[in-house]
Amino acid sequence: MAERVGIIGAGSWGMAMARHLDRKGCHVTLWAYDPVEYRTLITTRGNAQRLPAMRLNDSVLISDDLPSATAGCDWWLLAVPSQFLRSVLTRLPRNQRPRIGLVNLAKGIETTTLMRMSEMIRRVLDCGPESVATVSGPSHAEEVILDMPTTIVAAGISEPFVAKVQTLLSGSTFRAYTSTDVIGVELGGSLKNVIALAAGIVDGLGFGDNTKGALITRGLAEITRLGLAMGARAETFAGLSGLGDLVATCTSRHSRNRSVGERIGREETLASVLASMTMVAEGVETTRSAHALSQREGVEMPITNEVYRVLFDNKPPAEAVAHLMGRTLKAEVWQ
C-alpha cells in the first residue's frame, strides 16, 4: 500500500521532494503557505522563479489548508525555513500527528532559543525523539529535479525509525544513508551555511582556489570543534552532512548563501541583498545562532566570528580577511 506523505512547505526543496516521492508511488500532498505561490502551483504545477525546469504531476495534491494537508498522513516532511518552522507547527491541530513519523528538511538553528530543529519540533509538538529524523547532505533541489545522483543522510536516535526514513526516501537517483548522531548531522547541515557565506565573500573579493580550499578546511575544523563541545561525534563531520554539504554549498552556483556572501564581498549591504531576494538564505540567521553558541560553549570559531562582524557590525570584508590571516600562529589541530 502506498504511503501518504504530507509535505509542509512548497519552496524549492519541498517541491523537489514532492516530485521525487510522487514518482516513487507515494500519495503526496504539498502544503503552500504563500497565497501567490499556492495559486501559481495550482495553475502551472510549478514555480518558474524557484525551479524553472520542474512541473509536478497531477497526482501531487496541492493545498493551502495545513490541517487538511497533513490529516491522515503516514509521514510529514517539514520543508519550512528554520526561523519560520515553529510558527507553522503551532498552526497544526494539537491531536494531529503522522502515523509513522516526521522528517525535518530544514537546515538551521532557531535564533531565539538556539535549539536545533529536531529539539524545537519535539518541544512544539510534544512528541518523542524516536519518531523524528533530520535529513541533511549535499542536495541542491535544482539538481535533484534533474535526477542527478544525490546522496543524503537521515539522522535520528532510533535506528529502526531512520531505517524506515531511508527506505522512504531512497530511489534510483536519490540514496539515503543513516546516522544516530542527530547533533552532528544537524550542526553540520546548519553551520556549513555560515562558511558558505564566507566562501561567497572570498569570491566577491576576487580571491582564488588557495583561499577557498583553506576556508573550507578551517571552516570544517571550527564546525567540528563546536560539534564535539555539544556532544556530536567527530566522524560525522567527515561525512555527507559535514564535509560533503560544506564543499557543495561553498562552491555551487545554486547556493543562496554563497551568492549572498559574494554580493557582500562586492560591497553590497546585507539589507540591500536580502531585500532583492525571493528565497531564504538560512546562513544569515544561522550566523547569529552560531556566534551565540560559540560564546555559550566557549569554543573558538574565528571564521564564524568574522562573518558575524561583516554581516551585523558592518566590518569591511577585506579587513575581516586580514584579521584572520594575522591571528597568532599555531599548529594545525582539530580539537
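Conventions we followed
Residues numbered from 1 in each chain as written. Predicted model: local features only at pLDDT ≥ 70, side-chain atom pairs only at ≥ 80, totals over all residues. Heavy atoms only, no water. Helix = DSSP H or I, 4+ residues; strand = E, 2+ residues; numbered from the N terminus. Buried < 20%, exposed > 50% of the residue type's maximum accessible area, 1.4 Å probe, protein only. Contact = heavy atoms within 4.5 Å. Areas by Shrake-Rupley, 256 points an atom, 1.4 Å probe, with all protein chains shown as cover. Lys, Arg positive; Asp, Glu negative; His and termini not counted. Charge placed at Lys NZ, Arg CZ, Asp CG, Glu CD. Pairing = 2+ DSSP bridges. Arc of directions from axis to C-beta. Phe/Tyr/Trp six-rings, centres within 6.5 Å; stacked < 30°, edge-to-face > 60°. Lys NZ or Arg CZ within 6 Å of the ring centre and 35° of its normal. Core = buried A, V, L, I, M, F, W, Y, C linked by side-chain atoms within 4.5 Å.

(A) Quick look at the overall build of the protein. Looking only at helices and strands, the protein features 15 helices and 8 strands. Referenced to the eigenvectors of the C-alpha coordinate spread, the extents of the protein come out at roughly 60 × 40 × 35 Å. A total of 335 residues make up the protein; the buried ones form 56% of that total. When contacts within the protein are restricted to residue pairs at least 6 apart in sequence, those whose partners lie at least 24 apart make up 72%. Of the roughly 14,600 Å² of accessible surface on the protein, 51% is carried by carbon and sulfur atoms. Looking at charge distribution, the protein has the averaged site of its 35 positive side-chain charges lying 2 Å from that of its 34 negative ones.

(B) Region of interest: the pairing of strand β6 (residues 132-136). Counting buried residues in β6 gives 5 out of 5 residues, a clear majority hidden from the surface. Across the two faces of β6 the burial is the same, with Val 132, Thr 134 and Ser 136 and Ala 133 and Val 135 all buried. The sheet contact formed by strand β5 (residues 101-104) and β6 spans 3 bridges and is parallel. Each bridged residue has a counterpart across the sheet, and for Asn 104 the counterpart in β6 is Thr 134.

(C) Spotlight on helix α7 (residues 159-169). Looking at α7, one finds that the buried residues are Phe 161, Val 162, Val 165, Leu 168 and Leu 169. Down the axis of α7, the buried side of the element spans an arc of 110 degrees, and every buried residue falls inside it. Residues of α7 that are exposed and point over 90 degrees away from its buried face: Glu 159, Pro 160 and Thr 167.

(D) View of the packing of aromatic side chains. One pass over the structure, following the stated rule, counts 4 aromatic pairs. Lying across the ring of Phe 312, Arg 288 places its NZ or CZ 3.9 Å from the centre.

(E) View of the nonpolar core. Core analysis: the largest hydrophobic core is formed by 40 residues, its most contacted members being Ile 7, Leu 30, Trp 75, Leu 77, Val 165 and Leu 169. Contacts of Leu 77, omitting those with residues within four sequence positions, involve Val 5, Gly 6, Ile 7, Ile 8, Met 17, Leu 21, Val 103, Leu 105, Leu 168 and Leu 169. Leu 197, Val 202, Phe 237 and Val 273 belong to the second largest nonpolar core, which has 39 residues in total.

(F) Examining the environment of Gly 108 more closely. Residue placement: Gly 108 occurs in the loop between β5 and α5 (117-125). A sequence separation of 26 residues divides Gly 108 from Ser 82, and the C-alpha atoms of the two residues are 5.2 Å apart. Leaving out residues up to four positions away in the same chain, Gly 108 has contacts with Ser 82, Met 117, Ser 190 and Thr 286.

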